[in-house]
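# Examination of the molecular architecture
This is what each chain is made of:
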Amino acid sequence: MERLPSPGDRVRVPFGFHKLEGEVLRTSDFGIGPLVTVAVEVDGADEPVRATYELDAVEVASAA
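This report concerns the structure included in the present document. It should be emphasised that the depicted structure is a prediction, and the values quoted were computed from it without experimental measurement.

### Some points on the environment of aspartate 29
- Checked against the element boundaries, aspartate 29 lands in strand E2 (residues 18–30).
- Take aspartate 29: its relative accessible area is 54%, and that puts it in the exposed class.
- For the pair formed by aspartate 29 and leucine 4, sequence separation is 25 residues and the distance between their alpha carbons is 8.3 Å.

### As for the nonpolar core
- The biggest cluster of nonpolar side chains holds ten residues, and these are Val11, Val13, Val24, Val36, Val38, Val40, Ala51, Tyr53, Leu55 and Val58.
- For this core, the secondary structure elements donating two or more residues are strand E1 (10–15), strand E3 (33–40) and strand E4 (49–54).
- In terms of residue count, E3 provides more of this core than any other element does, three residues in total.

### Re the pattern of salt bridges
- Under the defined criterion, the tally for this structure stands at three salt bridges.
- With a shortest N-O distance of 3.1 Å, glutamate 21 and arginine 10 are connected by a salt bridge. Highlighted residues: glutamate 21 in strand E2 and arginine 10 in strand E1, separated in sequence by eleven residues.
- Judged by its relative accessible area of 36%, glutamate 21 is partly exposed.
- Arginine 10 sits in the partly exposed class, given a relative accessible area of 28%.
- Between glutamate 59 and lysine 19 there is a salt bridge, with the nearest N and O atoms lying 2.6 Å from each other. In this pair, glutamate 59 is assigned in strand E5 (residues 59–62) and lysine 19 in strand E2, connecting sequence segments 40 residues apart.
- With relative accessibility at 31%, the residue glutamate 59 sits in the partly exposed group.
- Assessed through its relative accessible area of 46%, lysine 19 is described here as partly exposed.
- Several salt bridges converge on common partners, so that one network encompasses Arg12, Lys19 and Glu59.

Quick notes on the rules
Residues numbered from 1 in each chain as written. Predicted model: local features only at pLDDT ≥ 70, side-chain atom pairs only at ≥ 80, totals over all residues. Heavy atoms only, no water. Helix = DSSP H or I, 4+ residues; strand = E, 2+ residues; numbered from the N terminus. Buried < 20%, exposed > 50% of the residue type's maximum accessible area, 1.4 Å probe, protein only. Core = buried A, V, L, I, M, F, W, Y, C linked by side-chain atoms within 4.5 Å. Salt bridge = Lys/Arg side-chain N within 4 Å of Asp/Glu carboxyl O.

Remember, this is a structural readout, not a statement about activity or role.
What follows is the structure, given as structure tokens:
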């Protein structure tokens, strides 16, 4: 991915040995580089798991 996604966009991110889809919650582009915080639906979890990824690890699934 070359540009920061917007909050609400659907993206695919690495999670263990899998790629899971989630919703972008927040993005930042300062300090150590562009970061994307995503709420990922994980089987068996009561709530979405929030994880932060470097921009290079994020793939667009669909735009909001």
